[in-house]
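# Fold and contact review
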Amino acid sequence: GKKAGNGHAEGPASERQQQREGGGGGCRGFLRRNLLVLLTVSGVVAGVALGAAVRGLSLGPAQISYLAFPGELLLRMLRMVILPLVVCSLVSGAASLDTRSLGRLGGIAIAYFLGTTLLASALAVALGFIVRPGAGASALNAPELGLPGAVPTSKETVDSFLDLVRNLFPSNLVAAAFQTYATDYKMLARNTTSGNITWEKVPVGTEIEGMNILGLVLFALVLGVALKKLGHEGEDLIRFFNSFNEATMVMVSWIMWYVPIGIMFLVGSKIVEMEDIVLLVTSLGKYIFASILGHFIHGGIILPLIYFAATRQNPYRFLLGLITPLATAFATCSSSATLPSMIKCVEENNGVDKRISRFILPIGATVNMDGAAIFQCMATVFIAQLNNVDLNPGQIFTILVTATASSVGAAGVPAGGVLTIAIILEAIGLPTNDLSLILAVDWIVDRTTTVVNVEGDALGAGILNYLNEKANKEKEKEQELKEVNIEAVANNKSEEETSPLVTHKTPVSNTPSTAVDSESKESVL
């Protein structure tokens, strides 16, 4: 059963590979197939080497920014593709699945996202108590590390959640492509009767830079369902989004050849930029170690186990096909920038159904943040230990819930997690002035964070694909009959489309419509 399922899943991909291999012998076929993967991995290695070599030259900030330029180009290209990719893939994904399976898959997906994120948070809190990263580091302060002491203004927990819901329903779709709603506060002076002045904190709505992916995701999903409901009338628009989507994927496949170069300079410039790594590692080493250990356990053991339990297939074989997007995640620190290559690799290397991957991965990139949950919980426990606060069960529960919920709202941008840590700290009543310590090592921890985020999405797509195939096998006999009908309808439609006269002529003329139809069809043909 397992073998058959696997063959079914990897059908198109493996056929393609066989065709390719026929031409070029074993070794050459392997090289041609995995050239991009090898280039990407060697790009990371070359980046480390480049950074180590250039570090000795002691470049100024301007020169470092020139060194980072090719990497910046990669990020810009990937971000450019995100908007059309997310909208079009979700519209076509929601429109291609029938309502019943859409609901079922959506339910399973939400359960999977919430479950894995909760597991991740719990794991991080447990590890935080075992490793105790903040125990020895209490004497630390930011100025010693040469860090800015400035910390983002804290938001009320309620407002953070309300902002999340507000962003789900953007008031302006065009603005949602580049702005996000955020609550800010202004202080108002109130004159009281006794003559003394009291200051009052009043929430004010502001728009901040950054794409509101959540709102776009929801809109695209609903639009897809609406087009499906229109039936015959909606087909043209669905076709438009489908072809838009395919074109974007072709552009992605071109961008992916630039990934190794971009990654090399991204990693290299990051290594040159580092201030004093020895001081950082000695002072915050336990925190870095604990976070990365948590990511390793969750990404290397727990998620693959969940995948294996659901599908009875080898998870590591599945992950092998995803080396390029995982390396991209490692270098760019942005889960939304990894989305394009992730969709491509999941479909081509792992044979996941297009409808599933396009429906689940864009949602996953915005909603499912296992790595971020680990990083946030670990940071919270770390700060609690720095301040010698013993967390009680109620506070731990608050951390878990807040981390799970706020990892939904953390947009897929680098260092987006620091703001959500501020939210968690507010919720359990800890001071937020130690956040600069976490910002100091954010660029190290953020890499594994993003890798785990992206990996969780991909495995979720694999699980959903397997469950969908299983359901389809049970429904296969009905499905075959249905498909024949659909094909017949589609053929009629395309014939009619070629001549707009057909549909208009029928009601006007007095002759029996069937005759007119057949005549005009013949003339068209």
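With an unreviewed UniProt entry as reference, the chain is termed Amino acid transporter, source organism Rhinopomastus cyanomelas. Quoted straight from UniProt, the Sequence similarities (unreviewed entry) entry for the chain says "Belongs to the dicarboxylate/amino acid:cation symporter (DAACS) (TC 2.A.23) family."

### A short note on a nonpolar patch on the surface
Together, Met80, Val250, Met251 and Trp254 line one region of the surface with nonpolar side chains, adding up to about 440 Å² of accessible area. With 3 residues, the top contributor of residues to the nonpolar patch is helix H10 (residues 235-255). Tracing the chain through its elements places Met251 in helix H10.

### Considerations on the packing of aromatic side chains
Counted according to the given criterion, the structure contains 5 aromatic pairs. Ring geometry for Phe240 versus Phe241: centroids 5.2 Å apart, planes at 70 degrees, classification edge-to-face. With a relative accessible area of 42%, Phe240 lands in the partly exposed category. Seen from their ring centres, Phe240 and Phe244 are 5.8 Å apart, and the 85 degrees between their planes marks the pair as edge-to-face. Residue Phe240 and its partner Phe244 are located together in helix H10, separated by 4 residues, close to a single helical turn. By relative accessible area, Phe244 is classed as partly exposed at 35%. A cation over an aromatic ring shows up here: Arg312 above the ring of Phe308, its NZ or CZ 5.7 Å from the ring centre.

### A closer look at unusual backbone geometry
Most peptide bonds are trans, and most residues other than glycine sit at a negative phi. Its identity is not glycine, yet Cys333 carries a phi of approximately 60 degrees, on the positive side. Locating Cys333 in the fold gives a position in the loop between helix H14 (323-332) and helix H15 (335-348). Phi angles above zero are rare outside glycine, and Asn388 is one such case at about 55 degrees. Within the element layout of this structure, Asn388 appears in the loop between helix H17 (370-386) and helix H18 (393-409). Given the relative accessible area of 66%, Asn388 is considered exposed.

### What about empty space enclosed by the protein?
Inspection of the entire model under this criterion finds 3 cavities of 30 Å³ or more. Within this model, the second largest cavity holds a volume of roughly 40 Å³. The wall of the second largest cavity is formed by Ser335, Thr338, Leu339, Met342, Leu361, Ala365, Val454 and Asp457. Within the residue set of the lining of the second largest cavity, elements represented by two or more residues are H15, helix H16 (354-367) and helix H20 (435-474).

### Focus on H15
With 14 residues, H15 extends 20 Å between its outermost C-alpha atoms, agreeing within 8% with the 20 Å of an ideal straight helix rising 1.5 Å per residue. Along its length, H15 shows its largest kink, about 35 degrees, at Ser341. Across the 14 residues that make up H15, a large majority, 13, are buried.

### Some points on helix H5 (residues 69-96)
With 28 residues, H5 should cover 40 Å at 1.5 Å per step; its first-to-last C-alpha distance of 40 Å lies within 8% of that length. The largest bend in H5 amounts to roughly 30 degrees and is located at Ile82, with the proline Pro84 lying one to four residues further along.

### Some thoughts on the packing of helix H3 (residues 35-55) against helix H11 (residues 259-273)
Remark: H3 packs on H11, axes separated minimally by 7 Å, with the N-to-C direction vectors making an angle of 25 degrees. Taken together, H3 and H11 sit at an angle that is classed as roughly parallel. H11 is crossed by H3, and the crossing has right-handed handedness. Across the contact of H3 with H11, the residue classes break down as 16 nonpolar, 5 polar and 1 charged.

### A word on the side chain of Ser121
Residue placement: Ser121 occurs in helix H6 (residues 99-131). Judged by its relative accessible area of 0%, Ser121 is buried. Dropping the residues within four chain positions of it, Ser121 is found in contact with Ala373, Cys377, Leu400, Ala403 and Thr404.

### With respect to the pattern of salt bridges
All told, the structure shown has 8 salt bridges when counted by the stated rule. Between Asp236 and Arg239 there is a salt bridge, with the nearest N and O atoms lying 3.8 Å from each other. Pair noted here: Asp236 and Arg239 are both in helix H10, with a separation of 3 residues, about one helical turn. Since its relative accessible area comes to 43%, Asp236 is described here as partly exposed. The partner of Glu246 in a salt bridge is Arg358, and the shortest N-O contact between them spans 3.0 Å. Highlighted residues: Glu246 in helix H10 and Arg358 in helix H16, separated in sequence by 112 residues. A relative accessible area of 34% places Glu246 in the partly exposed class. Given a relative accessible area of 6%, Arg358 falls into the buried group. Residues joined by salt bridges that share partners form a network here, namely Glu246, Glu347, Lys354 and Arg358.

Rules used in this analysis
Residues numbered from 1 in each chain as written. Predicted model: local features only at pLDDT ≥ 70, side-chain atom pairs only at ≥ 80, totals over all residues. Heavy atoms only, no water. UniProt positions renumbered as here; feature names shortened; annotations may be inferred. Patch = residues over 30% accessible without salt bridge, like charges linked within 9 Å, V, L, I, M, F, W, Y side chains within 5 Å. Areas by Shrake-Rupley, 256 points an atom, 1.4 Å probe, with all protein chains shown as cover. Salt bridge = Lys/Arg side-chain N within 4 Å of Asp/Glu carboxyl O. Helix = DSSP H or I, 4+ residues; strand = E, 2+ residues; numbered from the N terminus. Phe/Tyr/Trp six-rings, centres within 6.5 Å; stacked < 30°, edge-to-face > 60°. Buried < 20%, exposed > 50% of the residue type's maximum accessible area, 1.4 Å probe, protein only. Lys NZ or Arg CZ within 6 Å of the ring centre and 35° of its normal. 1 Å grid on protein atoms, 1.4 Å probe; cavity = no way out; pocket = protein on both sides within 12 Å on 5 of 7 lines; lining within 4 Å. Points joined across faces, edges and corners; volume = space filled by probe spheres on them. Expected span 1.5 Å × (residues − 1). Bend = angle between axes of the 7 residues up to and from the residue. Axes fitted to C-alpha atoms, helices over the stretch in contact; angles between N-to-C directions. Parallel < 35°, antiparallel > 145°, perpendicular 65-115°, else oblique. Left-handed = near helix turned anticlockwise from the far one by under 90°. Nonpolar A, V, L, I, M, F, W, Y, C, P; charged D, E, K, R; others polar. Contact = heavy atoms within 4.5 Å.

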